[in-house]
Amino acid sequence: MIGDNDNKEITRYRYRSDAGPIIACVDITDQCNYRCLHCYNNSGKASDDILTDVEILDVIKQVIEFKPTVICLCGGEPTLRRNYIQLIKECKDNNIMVN
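Small disclaimer: the values here were computed from a predicted structure and weren't measured.

S.K.: Describe in detail the nonpolar core, supporting the description with residues and values.
M.R.: Val26, Ile28, Ile60, Ile71, Leu73 and Leu87 are the most contacted members of the largest nonpolar core, which has 14 residues in total. Taken together, the elements giving at least two residues each to this core come down to strand E1 (23–27), helix H2 (53–64), strand E2 (70–74) and helix H3 (84–93). For this core, the element with the highest residue contribution is H2, accounting for five residues. When sequence neighbours within four positions are dropped, the list of residues in contact with Ile60 reads Val26, Leu73, Leu87, Glu90 and Cys91.

S.K.: Give a description of the state of the cysteines that names residues and reports values.
M.R.: Under the definition given, this model contains zero disulfides. Take Cys32: it sits in no disulfide, and the sulfur closest to it among the cysteines is that of Cys36, at 6.0 Å.

S.K.: Which residues make up unusual backbone geometry, and what values do they have?
M.R.: The backbone of Lys67 sits at a positive phi, close to 55 degrees, despite the residue not being glycine. Residue position: Lys67 is located in the loop between H2 and E2. Exposure remark for Lys67: the relative accessible area of 37% places this residue in the partly exposed category.

S.K.: Tell me about the sheet that holds E1, residues and numbers included.
M.R.: The parallel open sheet is built from three strands, whose spatial order is E1-E2-E3. Each end of this open sheet is capped by a strand with a single partner; those strands are E1 and strand E3 (97–98). Both E2 and E3 contribute to a ladder of two bridges, which runs parallel. By the bridge assignment for E3, Val70 is matched with Met97.

S.K.: Let's hear about the packing of H2 against H3: which residues, and what values?
M.R.: In a packed pair of helices, the relevant descriptors are the angle between the two axes and the axis-to-axis distance. At a minimum axis distance of 10 Å, the contact between H2 and H3 shows a crossing angle of 20 degrees. Comparing their axes, H3 and H2 come out roughly parallel. For the crossing formed where H2 meets H3, the hand is right-handed. Residues Ile56, Leu57, Ile60, Lys61 and Ile64 of H2 lie in contact with H3, whose contacting residues are Gln86, Leu87, Glu90 and Cys91. Residues belonging to the contact of H2 with H3 are distributed by class as follows: six nonpolar, one polar and two charged.

S.K.: I'd like a rundown of the pairing of E1, residues and numbers included.
M.R.: Within a regular beta strand, the side chains point alternately toward one face of the sheet and then the other, so they alternate between its two faces. In E1, alternate side chains face the same way, and those of Ala24 and Val26 are buried while those of Ile23, Cys25 and Asp27 on the opposite face are not. Strand direction decides the pairing type here: E1 and E2, joined by five bridges, are parallel. Across the sheet, Asp27 pairs through a bridge with Cys74, a residue of E2. In the classification by handedness, the crossover that spans E1, the intervening H2 and the parallel E2 is right-handed.

S.K.: Let's hear about the pattern of salt bridges: which residues, and what values?
M.R.: Evaluated as defined, the whole model comprises three salt bridges. Salt-bridge contacts for Arg82 lead to Asp53; the nearest nitrogen and oxygen are separated by 3.2 Å. A residue pair is termed long-range when its members are at least 10 positions apart, and Arg82 in the loop between E2 and H3 and Asp53 in helix H2 qualify at 29 residues. For Asp93, the salt bridge goes to Lys89, with nearest N and O atoms at 2.9 Å. On the criterion of helical spacing, the pair formed by Asp93 and Lys89 is a turn pair, its members being four residues apart in helix H3. When salt bridges that share partners are traced, they join Asp53, Arg81 and Arg82 into one network.

Conventions used here
Residues numbered from 1 in each chain as written. Predicted model: local features only at pLDDT ≥ 70, side-chain atom pairs only at ≥ 80, totals over all residues. Heavy atoms only, no water. Core = buried A, V, L, I, M, F, W, Y, C linked by side-chain atoms within 4.5 Å. Buried < 20%, exposed > 50% of the residue type's maximum accessible area, 1.4 Å probe, protein only. Helix = DSSP H or I, 4+ residues; strand = E, 2+ residues; numbered from the N terminus. Contact = heavy atoms within 4.5 Å. Disulfide = S-S within 2.5 Å. Pairing = 2+ DSSP bridges. Axes fitted to C-alpha atoms, helices over the stretch in contact; angles between N-to-C directions. Parallel < 35°, antiparallel > 145°, perpendicular 65-115°, else oblique. Left-handed = near helix turned anticlockwise from the far one by under 90°. Nonpolar A, V, L, I, M, F, W, Y, C, P; charged D, E, K, R; others polar. Right-handed = clockwise from strand over helix to strand, strands pointing away. Salt bridge = Lys/Arg side-chain N within 4 Å of Asp/Glu carboxyl O.

Spatial relationships are all this shows, so hold off on functional conclusions.
Now the structure itself:
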């Protein structure tokens, strides 16, 4: 449940004078250990051409330059990415909310 403090936080991000797009979505992995019927990503075993940790961090830094309000770290199952916490921290350090 969203409380008053959460609403203030969202409002603070949404109305920044330097804000870019509202949301940017980045598929950080195609690996997934589930086979959900509703999933449209066709995720599963990680593909051979997945970006390295350094490469995906660079992509996130490039997205941050656009100053979105929110970055959605998407994919198969994003928490399977080894540097998932580092990616979140990079966003938060730049005042970008993570979804």
